[in-house]
Amino acid sequence: MHELTTYQLTLIALGAIAFGVWMLIKGGDWTVDNAVTVARRSGLSKLFIAATVVAFGTSAPELFTSVNANLSGFPGISVGNVIGSNIANVFMVVAVSAMIAPVVFNRSEVRLDTIVMLVATAAMVAAILAGILPTWGGIVMVIALAGYVFYQYKASKLDIDEVEEHDAGGRFPGLMLLVGILTLLVGSEILVQGAVAGGVALGVPEAVIGMTLIAFGTSLPELTACVAAARKGQNDMIVGGIIGSNVFNILSVMAISAVARPLLIDPRFASFDMLAVVVVTLVFAAFLLFVGKIGPIAGGVMAACYLAFIIAQYTVAESLVAVVP
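Residues numbered from 1 in each chain as written. Predicted model: local features only at pLDDT ≥ 70, side-chain atom pairs only at ≥ 80, totals over all residues. Heavy atoms only, no water.

## Quick look at the overall build of the protein chain
No. 1: Helix and strand counts for the protein chain stand at 12 helices and 4 strands.
No. 2: Summing over all exposed atoms, the protein chain offers an accessible surface of approximately 15300 Å²; the carbon and sulfur share of this is 72%. (Helix = DSSP H or I, 4+ residues; strand = E, 2+ residues; numbered from the N terminus. Areas by Shrake-Rupley, 256 points an atom, 1.4 Å probe, with all protein chains shown as cover.)

Here it is as structure tokens:
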């Protein structure tokens, strides 16, 4: 049996990338349209649906990756995945969405969600400084998340007069919402694996692929859903989705990883990475609490900062490799 040539592997990889992108685009459209329809038909706010159902669904790659990594004895991947995803959610996903169309929102409607995001981030910082998130800490986080979701459910019921008649989704919006989220997850996996295969075929170092494409790939569902929401003018879906995703990443992904097995945290996370996620979260919170709008200029600055963060990570990793004999 003949081995595939570099040319053949590259073509297969490009095909996988193209198919993955198509699935992400379709999945983003289906997710946003049907999430809006579910919200309208159930009498729940779009912000609530985005911050819970959509946010949890798009955080599934982080959850599967982190729990599996911790159980396999690689807790650094679990912690790094959460930190990197929360940074990417704001300085990549929100930034790109804002460059497509200004993200405008009601500050009073997102105040509680923002406070919960800040408290969750503070809990993560405490765990990083302690060097461990014990099982009981993970359980407390999961219980806190359940309480937050329940409270938001009770508080997000709309008056019947507020429910709009027009539906963008199909006949079975709940089912199609799940199909949309599943399509996002499968599409992101196909795209990432295609990119990895292409990188290997072209001789790109595996470490570089892992630091860039894999980390980027777990945030692709959020990115695609938010870009689709930006094109459709559904700002509540963007803001709710990102706040919810950041909260779920800590109180669900990181917490469940600790429930499965006490999460040991490498001391190196207590320096640059922790500072970066705190700064990004505070900047996002400042916009949410005091500004009420994220425009194209702010989005461009955020995207530039994210690029600088990635370059800094690559430079640090490269220097560490250089000093290892």
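## Focus: the nonpolar core
No. 1: Core analysis: the largest hydrophobic core is formed by 75 residues, its most contacted members being Phe 284 and Ile 294.
No. 2: Take this core: its biggest share by element is 13 residues, from helix H10 (residues 235-260). (Core = buried A, V, L, I, M, F, W, Y, C linked by side-chain atoms within 4.5 Å. Buried < 20%, exposed > 50% of the residue type's maximum accessible area, 1.4 Å probe, protein only.)

## Topic: the packing of aromatic side chains
No. 1: In the structure shown here, the tally under the stated rule is 2 aromatic pairs.
No. 2: Measuring from centroid to centroid gives 5.9 Å for Phe 272 and Phe 309, while their planes differ by 20 degrees, and the two rings are stacked. Residue Phe 272 is found in helix H11 (residues 272-291), and its partner Phe 309 is found in helix H12 (residues 296-323); the two are separated by 37 residues along the sequence.
No. 3: Its relative accessible area of 40% is what places Phe 272 among the partly exposed residues.
No. 4: Three or more aromatic residues joined by ring pairs form one cluster here, namely Phe 272, Tyr 306 and Phe 309.
No. 5: In this arrangement the basic side chain of Arg 268 is found over the ring face of Phe 269, its NZ or CZ atom lying 4.5 Å from the centre. (Phe/Tyr/Trp six-rings, centres within 6.5 Å; stacked < 30°, edge-to-face > 60°. Lys NZ or Arg CZ within 6 Å of the ring centre and 35° of its normal.)

## Considering a nonpolar patch on the surface
No. 1: Together, Tyr 7, Leu 11 and Leu 14 make up an exposed nonpolar region whose accessible area comes to about 340 Å².
No. 2: Within the secondary structure layout, Leu 14 lies in helix H1 (residues 6-42). (Patch = residues over 30% accessible without salt bridge, like charges linked within 9 Å, V, L, I, M, F, W, Y side chains within 5 Å. Salt bridge = Lys/Arg side-chain N within 4 Å of Asp/Glu carboxyl O.)

## Considering the environment of Pro 221
No. 1: Position of Pro 221 among the secondary structure elements: in helix H9 (residues 220-231).
No. 2: When its relative accessible area of 0% is taken as the criterion, Pro 221 is described as buried.
No. 3: Spatially, the C-alpha atoms of Pro 221 and Ser 59 are 7.9 Å apart, while their sequence positions differ by 162 residues.

## Notes on helix H4 (residues 75-100)
No. 1: In this model, H4 (26 residues) spans 36 Å end to end at C-alpha, consistent with the 38 Å of a helix rising 1.5 Å per residue.
No. 2: At Asn 89, H4 shows its strongest bend, of approximately 35 degrees.
No. 3: For H4, a buried count of 19 out of 26 residues is recorded, marking the element as mostly surrounded by other parts of the structure. (Expected span 1.5 Å × (residues − 1). Bend = angle between axes of the 7 residues up to and from the residue.)

## Considering the confidence of the model for the protein chain
No. 1: With 76% of its residues at a pLDDT of 70 or more, the protein chain shows a mean pLDDT of 78.
No. 2: Confidence, read as mean pLDDT per element, is least for helix H8 (residues 206-217) in the protein chain (53) and greatest for helix H5 (residues 111-130) (94).
No. 3: Segment residues 159-166: pLDDT under 50, and 4 contacts once partners within four positions in sequence are set aside and those in other chains are kept. (pLDDT = per-residue confidence, 0-100. Contact = heavy atoms within 4.5 Å.)

## Quick notes on H11
No. 1: Between its first and last C-alpha atoms H11 spans 27 Å; for 20 residues at 1.5 Å apiece the expected length is 28 Å, and the two agree.
No. 2: Following H11 by one or two positions, Gly 292 adopts a phi angle in the positive range, close to 85 degrees.

## Let's talk about the packing of H4 against H11
No. 1: Interhelical geometry of H4 versus H11 gives an angle of 40 degrees and a closest axis separation of 9 Å. In terms of axis orientation, H4 runs oblique to H11. In this structure, H4 meets H11 at a crossing whose hand is left-handed. Side by side, H4 and H11 meet where Ile 83, Asn 86, Ile 87, Val 90, Phe 91 and Val 94 of the first sit next to Asp 273, Ala 276, Val 277, Val 280, Val 283 and Phe 284 of the second.
No. 2: Broken down by class, the residue content of the contact of H4 with H11 amounts to 10 nonpolar, 1 polar and 1 charged. (Axes fitted to C-alpha atoms, helices over the stretch in contact; angles between N-to-C directions. Parallel < 35°, antiparallel > 145°, perpendicular 65-115°, else oblique. Left-handed = near helix turned anticlockwise from the far one by under 90°. Nonpolar A, V, L, I, M, F, W, Y, C, P; charged D, E, K, R; others polar.)

## A few points about the side chain of Thr 114
No. 1: With respect to the helices and strands, the residue Thr 114 is situated in helix H5.
No. 2: Residue class for Thr 114 comes out buried when judged on its relative accessible area of 0%.
No. 3: Among the polar contacts listed, one links the side chain of Thr 114 to the backbone oxygen of Val 110, at a separation of 2.7 Å. (Polar contact = N/O pair within 3.5 Å; in protein donor to acceptor, adjacent residues only side chain to side chain.)

## Some remarks on the packing of H5 against H11
No. 1: With their axes 10 Å apart at the nearest point, H5 and H11 run at an angle of 170 degrees to one another. Taken together, H5 and H11 sit at an angle that is classed as roughly antiparallel. Where H5 approaches H11, its residues Arg 111, Thr 114, Met 117, Leu 118, Thr 121, Met 124, Val 125, Ile 128 and Leu 129 are matched on the opposing element by Met 274, Val 277, Val 278, Thr 281, Leu 282, Phe 284, Ala 285, Leu 288 and Leu 289.
No. 2: Of the residues in the contact of H5 with H11, the class split is 14 nonpolar, 3 polar and 1 charged.

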